[in-house]
Amino acid sequence: NRFLPGPDLSQDRYKFSALGLSDGSALAVGGATVLAERLDRGLLRSLPVGDKEAMRFFPALTPLEGGQVLITGGYTAGGSPASVWGFAPESSKP
């Protein structure tokens, strides 16, 4: 095993969560930005995903069947959000 370089994030992030997807890409959600992004190692680029505001600190990312991801929890400056949303990788392909 070894670490391999990947694409740069489109924005600086902290207090975010990331999850490796079955296709070798990764999903980064939350932190001090509203943008969720898919990091595609093969294309060496970051792709914005979804139309939901993802600004929450430390959200939980749960892998689901078929490569989908459930996004819950975390908190915002105003408290804990009550929203839950999902990510489906086929909807974010370039």
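Worth saying up front: this structure is predicted, and the values here are computed from it rather than measured.

(A) Region of the structure containing the packing of aromatic side chains. If you walk through the whole model with that rule in mind, you get 3 aromatic pairs. Between the aromatic rings of Phe57 and Tyr75, the centroid separation amounts to 5.4 Å while the plane-to-plane angle is 45°, which identifies the pairing as tilted. Of the two residues, Phe57 is situated in the loop between strand E4 (45-49) and strand E5 (60-63) and Tyr75 in the loop between strand E6 (69-72) and strand E7 (85-87); the sequence distance between them amounts to 18 residues. Every member of this aromatic cluster is reached through a ring pair, and the members are Tyr14, Phe57, Phe58 and Tyr75. Taking the ring centre of Phe16 as reference, the NZ or CZ of Arg13 above it sits at 5.8 Å. Here Lys15 stacks its cationic end above the ring of Phe57, 5.5 Å away from the centre of that ring.

(B) Looking closely at the pairing of strand E2 (residues 26-30). The element E2 is largely enclosed, with a buried count of 4 among its 5 residues. Bridge count for strand E1 (residues 16-20) against E2 is 5 bridges, and the pairing is antiparallel. Opposite Leu19, over in E2, you have Leu27 as the bridge partner. Hairpin connection, E1 to E2: the antiparallel pair is bridged by 5 residues, and Gly24 has positive phi, about 95°.

Cut-offs applied
- For every chain, the first residue of its written sequence is number 1, and the numbers climb from 1 along that sequence.
- Reporting of local features is limited, given that this is a predicted model, to residues whose pLDDT is at least 70; pairs of side-chain atoms are given and counted only at 80 or more, and all residues count toward the totals for whole chains, interfaces and linings.
- Note that the side-chain values use all heavy atoms of the structure and ignore hydrogens as well as water.
- Two aromatic rings, drawn from Phe, Tyr or Trp (for Trp, its six-membered ring), form a pair once their centres lie within 6.5 Å of each other, and the interplanar angle then sorts them: stacked below 30 degrees, edge-to-face above 60, tilted otherwise.
- Here a strand is any run of E in DSSP of at least two residues, a helix any run of H or I of at least four, and the numbering for each starts at the N terminus.
- Note on criteria: charge over ring means Lys NZ or Arg CZ within 6 Å of the ring centre, with the direction from the centre no more than 35 degrees off the ring normal.
- A simple rule labels every residue: compare its accessible area, found with a 1.4 Å probe on the protein chains alone, to the largest value its type can have, and call it buried under 20%, exposed over 50%, or partly exposed in between.
- Pairing between two strands requires that DSSP report at least two bridges joining them.

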